[in-house]
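Residue-level structural notes
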Amino acid sequence: MKDSLTKTLLLVASAALMASCGVSRADVSSSIDDQVTSSSSTTNVEDQQDPEDYLNNYLLALRYAAYQQDFSFALSGGPVAFGLEMTEMDSETPSAWKDISLSAESFSGDVKINAFGRGREKMAASLTIPQTNFKVAGASLPSFVGNNASIPFEARAYLENGTLYADFSKQPLVNYILQLGLRTLFDDPSWELVDQGSHVLTDEQYNVVQGICSYISASDPSDEVIPDCFSFAKSGDLERITVRIDDETSLKSLLMAFYEDLHGVFDEYSSYSLSSYEGSFGLPEMPTVEEFEAKLDSILTGIDFRGFLRSVEYSTNAGVVSESFAVDIASFDHDALLETLYGKEPLDYQNQSYILPTGAWKLNFDIAREYGSKKVKVDRLTEEEKTDFETPFTFPTWNRDGSSSGEGN
């Protein structure tokens, strides 16, 4: 089971964060620097303030953010692109690898949280992703779609009184792709995606949600500091820290810091209750830091990494104001990743599905933050609207014995 989760984390964290590092140096400079300039009120002029002062002020800004009970994230970005290749064990030719890719020129999203930390009956949250048109291509698309199409992506989710409501009903083709991907990832071809429904969080699950919210609200970047990659700027009350990475050694340092941080969050919010998870929304045991590092060393050899950039604008008395990211991977080595993720033994195509990243992965986006109950109002469903969400969600899960099933609610 640890090995399965290692694969998952490396496909998600290393592909997402690494993808963030896969931007060519020129692309990173142009796309991110343009975003930072356009979305920020600071200048790009360096000053003589000591770097340690910037970092200390950054931690004060994060402390301010950590004490906020009402906060929001408004995300906007583009272009975005990523690809996957996979096998299907129930197909006529299960050993044949099929590809699929998604790309969009722009996208946006909005997360709002009220009464964070005040208990499940008072805390509320909402997620809105307006319609984004994705270009989809690849041999894994259904025949009625063809191998090249433009499809809408749109989603809404709400958390109220410890119940999660989610609506994915306006994106049927994306749901098909998501269902196929999760079936492959969990080796559970019977699992069906509910496109509009609800789920009552257990106390343990609610604690995990709180941990995630706390992490994204005010994660401490000091563990990720790689001084040679950082630059600093200031204008008025606002300061900015920018980290730029364009070599694999620095990339590994960043990913290891990220994983150690994530591992600590899991330990804090879920280790005490993992034994009580029996299928529904269950959490597997995470690989150790040493296991993750060993797998990361192998997977880096199969990725054409180019660069990563993150820029954060903040104030000690106003928290983190805005953030910008750029990530990009030029390509993936199919054979190298196949051996790293699934071993050297012949693959069992008849009894297992397989999935790998492929193609170019690119991501650029900005996040604007706001704090306070006067500025942040969670979107809510009416009682009448909730009747449309009565179908319970089911989740493909890892069981503690290492098996998986999709019968949990």
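Scroll up for the structure.
What comes next concerns the included structure. (Residues numbered from 1 in each chain as written. Predicted model: local features only at pLDDT ≥ 70, side-chain atom pairs only at ≥ 80, totals over all residues. Heavy atoms only, no water.)

Some points on the overall build of the protein
Helix and strand counts for the protein stand at nine helices and 14 strands. Across the 409 residues that make up the protein, the buried fraction comes to 51%. A fraction of 77% describes how many contacts in the protein between residues 6 or more apart in sequence connect residues 24 or more apart. A total of about 19,200 Å² of accessible surface is found on the protein, and carbon and sulfur atoms cover 50% of it. (Helix = DSSP H or I, 4+ residues; strand = E, 2+ residues; numbered from the N terminus. Buried < 20%, exposed > 50% of the residue type's maximum accessible area, 1.4 Å probe, protein only. Contact = heavy atoms within 4.5 Å. Areas by Shrake-Rupley, 256 points an atom, 1.4 Å probe, with all protein chains shown as cover.)

Re helix 3 (residues 51-66)
Compared with an ideal rise of 1.5 Å per residue, which puts 16 residues at 22 Å, helix 3 spans 23 Å between its outermost C-alpha atoms and is within 8% of the ideal. Buried within helix 3 are the following residues: Tyr54, Asn57, Tyr58, Ala61, Leu62 and Ala65. The arc enclosing the buried residues of helix 3, seen along the axis, measures out at 150°, which places them on a common side. Residues of helix 3 that are exposed and point over 90 degrees away from its buried face: Glu52 and Arg63. N-cap assignment for helix 3: the residue whose side-chain oxygen lies 2.8 Å from the backbone N of Glu52 is Asp50. (Expected span 1.5 Å × (residues − 1). Arc of directions from axis to C-beta. Polar contact = N/O pair within 3.5 Å; in protein donor to acceptor, adjacent residues only side chain to side chain.)

Notes on unusual backbone geometry
Of the consecutive residues Gly78 and Pro79, the connecting peptide bond is found in the cis state with omega at -5°. Positionally, Pro79 belongs in strand 1 (residues 71-86). The phi dihedral of Ala115 is positive, around 55°, even though this residue is not glycine. Mapped onto the elements, Ala115 comes out in the loop between strand 3 (107-114) and strand 4 (124-137). What makes Ala115 buried here is its relative accessible area of 9%. For Asn161, which is not a glycine, the phi torsion comes out positive at approximately 50°.

Things to note about a negative patch on the surface
Together, Glu384, Glu385, Asp388 and Glu390 give the surface a local cluster of negative charge. One can find Glu385 in helix 9 (residues 383-386). (Patch = residues over 30% accessible without salt bridge, like charges linked within 9 Å, V, L, I, M, F, W, Y side chains within 5 Å. Salt bridge = Lys/Arg side-chain N within 4 Å of Asp/Glu carboxyl O. Lys, Arg positive; Asp, Glu negative; His and termini not counted. Charge placed at Lys NZ, Arg CZ, Asp CG, Glu CD.)

Topic: the packing of aromatic side chains
A full pass over the atoms with the stated rule returns 16 aromatic pairs. Ring centres 4.9 Å apart and planes at 85° place the aromatic pair Tyr342 and Tyr354 in the edge-to-face group. Of the two residues, Tyr342 sits in helix 8 (residues 334-342) while Tyr354 sits in the loop between helix 8 and strand 12 (355-371), which places them twelve residues apart along the sequence. With respect to class, Tyr342 is no different from Tyr354; both count as buried. A network of ring pairs unites the aromatic residues Trp97, Tyr342, Tyr349 and Tyr354 as a single cluster. The side chain of Arg120 reaches across the aromatic face of Tyr206, ending 5.6 Å from its centre. (Phe/Tyr/Trp six-rings, centres within 6.5 Å; stacked < 30°, edge-to-face > 60°. Lys NZ or Arg CZ within 6 Å of the ring centre and 35° of its normal.)

A closer look at the side chain of Ser72
Mapped onto the secondary structure, Ser72 falls in strand 1. Judged by relative accessible area, which is 8%, Ser72 ranks as buried. With near-sequence residues (within four places) excluded, Ser72 lies in contact with Val111, Lys112, Ala368, Arg369, Glu370 and Val376.

A short note on the pairing of strand 9 (residues 238-245)
Counting buried positions along strand 9 gives seven out of eight residues, so the element sits mostly inside the fold. Note that strand 8 (residues 230-235) and strand 9 share six bridges and pair antiparallel. When the bridges of strand 9 are listed, Ala233 appears paired with Arg240. Two strands pair when backbone bridges link them, and strand 9 and strand 10 (residues 303-315) are joined in this way by seven bridges, in the antiparallel orientation. From the neighbouring strand, Ile245 faces strand 10, where its bridge partner is Phe308. (Pairing = 2+ DSSP bridges.)

Focus on the pairing of strand 2 (residues 98-104)
With seven bridges joining them, strand 1 and strand 2 adopt antiparallel strand pairing. Across the sheet, the residue bridging to Val80 is Ala104, located in strand 2.

Focus: the side chain of Glu154
Topologically, Glu154 is positioned in strand 5 (residues 148-160). When neighbours within four sequence positions are excluded, Glu154 is seen to be in contact with Ile129, Pro130, Gln131, Asp167, Phe168, Lys170 and Gln171.

Thoughts on the environment of Lys377
With respect to the secondary-structure elements, Lys377 resides in the loop between strand 12 and helix 9. For Lys377, a relative accessible area of 54% puts it in the exposed group. Measuring from C-alpha to C-alpha, the distance between Lys377 and Ser126 comes to 9.2 Å, with 251 residues separating the pair along the chain. Apart from the residues within four sequence positions on either side, Lys377 is in contact with Lys112 and Asn114.

Some remarks on the packing of helix 7 (residues 289-300) against helix 8
When two helices pack together, you describe them by how their axes are tilted relative to each other and by the distance separating the axes. Running from N to C, helix 7 and helix 8 point in directions that differ by 165°, and their axes come no closer than 9 Å. For the element pair helix 7 / helix 8, the angle class is roughly antiparallel. Crossing geometry of helix 7 relative to helix 8 is assigned as right-handed. Residues Lys295, Ser298 and Ile299 of helix 7 touch helix 8, and the partners they reach there are Leu337, Thr340 and Leu341. Looking at the contact of helix 7 with helix 8 residue by residue, the class counts come to three nonpolar, two polar and one charged. (Axes fitted to C-alpha atoms, helices over the stretch in contact; angles between N-to-C directions. Parallel < 35°, antiparallel > 145°, perpendicular 65-115°, else oblique. Left-handed = near helix turned anticlockwise from the far one by under 90°. Nonpolar A, V, L, I, M, F, W, Y, C, P; charged D, E, K, R; others polar.)

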